[in-house]
Amino acid sequence: MTHHHAIEPAEGPPRPRLAWSLTAVVLAVALLAFGAVAALWPDPDDVPQGADPYGAVAILDATVTDVTPFDCNSTGTGPDNIPMVEGSCANVTAETERGTSAVFTLDPTRYVGGAVEKGDDIRVIEVAPDGQQPTYEFYDHQRGPQLMILAIVFAILVAVVGRWRGLFALVGIGITLLVLLRFVLPALLADQPPIAVAVAGSTVIMLAVLYLAHGVSIRTTAALFGTLFGIGFTALAGAMSTDWAHLTGVGSEDDHLLLATAPEMSLAGVVSASMVIAGLGVLNDVTVTQASAVWEMRALKPTAGRTELFGSAMRIGRDHIASSVYTLVFAYAGTAMTTLLLISAYQRPLLEVAVTEGIAQEIVRTLVGAIGLVLAVPITTVIAVWLAPTRITERDLSGVDTP
């Protein structure tokens, strides 16, 4: 009697022993991660609370009713010691949410390009000392509706195109924000060990995001193991590189303000922790892609040996490495465009600028993240090849009985 063997789908035939073994490993990782989070969870009294610079005044919503530009021939410096630019100032009148009329003047650093126009929704600072008429200052534009619309459009497109996986990915984003806002940031402010906080928080995030977005399977577990390797390597390399490059974490006015608010916090440690968190998105991308590539290739060529499977998947991985490294560089260039333009305008030598604290932090962060990303590709591929469905021989496919 002849038995015909059908080619199994990409996930392969059920392998309960392997599945239970991997489940035990993943549960152990989860227990360690959640245990670390519990141990590092900061006491609310240990989290520094900086004084609100506008705590003694009111910030009101307002609508601009009149803008009158005038030539103010400004010289010297403006707010935050920023050099004043040549151009027009403007007298602005706005109606506040309380029905009062707010009148204030914008200097060229605030009015550049006619940034405030009649009908704009803005926010103003009301200073009202006891027994005196209130005075007003420009605070910022209202951007809530615009941000909400963009977020809704993004969520709808992800849900429509990605369907259930897209919806679960959105849930993963919510979990990521929750972990960062409720655990990682308060723990760093409370001077908990930055690397431990970053690794514990990142592991919890990846456990949730990977299984939510990609389902519970051996393939997803292979991607998780590759991601955990990337997290661990980036944490170790980040800590060593921060010390080696003498990065203090104090490279901008915001850093000085943060140090004044939380003087016990190690800003150098925060730089190391940021290297772990900054690369999570791209790291997750390449590990999932490599695991999926191995599984799909096994389905397409069930007779391939592990060496052949590894070589084929690495050809995809090399392309992905190139595009991902570009992604990291372009992401930094885009976020630091103002800084890069200022450097170009000052015509300072690139090497001279690159070794300054602020720029060096970003360079080290990008390079450490890229090294971790590059190493995660072959590691994930090896893990995926080892865990992928076993090789099916030509004899199996021919329908001949096996002993």
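What you see is a predicted model, and the numbers here were worked out from it, not measured in a lab.

### Considering a nonpolar patch on the surface
Where nonpolar side chains cluster on the molecular surface, the patch consists of Met-148, Ile-152, Ile-156, Val-160 and Val-161 and spans about 510 Å² of accessible area. Tracing the chain through its elements places Ile-152 in helix H3 (residues 144-189). Of the residues examined, Ile-152 reaches a relative accessible area of 43% and is grouped as partly exposed.

### Some remarks on helix H4 (residues 194-214)
Given a rise of 1.5 Å per residue, 21 residues ought to cover 30 Å, and the 29 Å separating the end C-alpha atoms of H4 matches this to within 8%. Burial of H4 is extensive: 16 of the 21 residues sit out of reach of the surface.

### Brief notes about the UniProt feature "transmembrane region" (unreviewed entry) in the chain
In this numbering, the UniProt entry assigns the feature "transmembrane region" (unreviewed entry) to residues 20-41, 144-161, 168-189, 195-213, 225-245, 265-283, 325-346 and 366-388. The span residues 20-41 shows a helical share of 95% and a strand share of 0%, and its end C-alpha atoms are spaced 31 Å apart. Split by type, residues 225-245 is 95% helix and 0% strand. Its first and last C-alpha atoms lie 30 Å apart.

### Some details on the sheet that holds strand S2 (residues 88-96)
In space, the five strands of this open sheet follow the order S3-S2-S1-S4-S5, with antiparallel pairing throughout. Every other strand in the sheet has two partners, leaving strand S3 (101-106) and strand S5 (135-141) as the edge strands with one partner each. Taking the axes of each pair of neighbouring strands and ignoring which way they run, one obtains an average angle of 40° across the sheet. Sheet analysis places S2 next to S3, joined by six bridges and oriented antiparallel. Across the sheet, the residue bridging to Ala-90 is Leu-106, located in S3.

### What to know about the environment of Met-206
On the secondary structure map, Met-206 appears in helix H4. Note on Met-206: relative accessible area 4%, which makes it buried. C-alpha separation for the pair Met-206 and Asn-284, spaced 78 residues apart in sequence, amounts to 7.9 Å. Excluding residues within four positions of it along the chain, Met-206 makes contact with Leu-224, Thr-227, Ile-231, Leu-280 and Asn-284.

### Things to note about the side chain of Ser-217
With respect to the secondary-structure elements, Ser-217 resides in the loop between H4 and helix H5 (218-244). Classification of Ser-217 as buried rests on a relative accessible area of 17%.

### Details of the nonpolar core
Within the largest apolar cluster, 44 residues are counted, with the highest numbers of intra-cluster contacts made by Phe-183, Val-197, Met-206, Val-294, Trp-295 and Leu-387. Mapped by element, the contributors of at least two residues to this core are helix H1 (16-40), H3, H4, H5, helix H7 (267-278), helix H8 (280-300), helix H9 (306-335) and helix H12 (357-387). The element best represented in this core is H4, accounting for 10 residues. In terms of nonpolar packing, the next biggest core, distinct from the first, is built from 16 residues, Ala-58, Ala-102, Phe-104 and Leu-106 among them.

### With respect to unusual backbone geometry
Residues other than glycine seldom take positive phi values, yet Arg-163 does so here, at roughly 55°. Despite not being glycine, His-246 has its phi angle at roughly 55°, a positive value. Counting through the fold element by element, His-246 comes out in the loop between H5 and helix H6 (253-261).

Conventions we followed
Residues numbered from 1 in each chain as written. Predicted model: local features only at pLDDT ≥ 70, side-chain atom pairs only at ≥ 80, totals over all residues. Heavy atoms only, no water. Patch = residues over 30% accessible without salt bridge, like charges linked within 9 Å, V, L, I, M, F, W, Y side chains within 5 Å. Areas by Shrake-Rupley, 256 points an atom, 1.4 Å probe, with all protein chains shown as cover. Salt bridge = Lys/Arg side-chain N within 4 Å of Asp/Glu carboxyl O. Helix = DSSP H or I, 4+ residues; strand = E, 2+ residues; numbered from the N terminus. Buried < 20%, exposed > 50% of the residue type's maximum accessible area, 1.4 Å probe, protein only. Expected span 1.5 Å × (residues − 1). UniProt positions renumbered as here; feature names shortened; annotations may be inferred. Pairing = 2+ DSSP bridges. Axes fitted to C-alpha atoms, helices over the stretch in contact; angles between N-to-C directions. Contact = heavy atoms within 4.5 Å. Core = buried A, V, L, I, M, F, W, Y, C linked by side-chain atoms within 4.5 Å.

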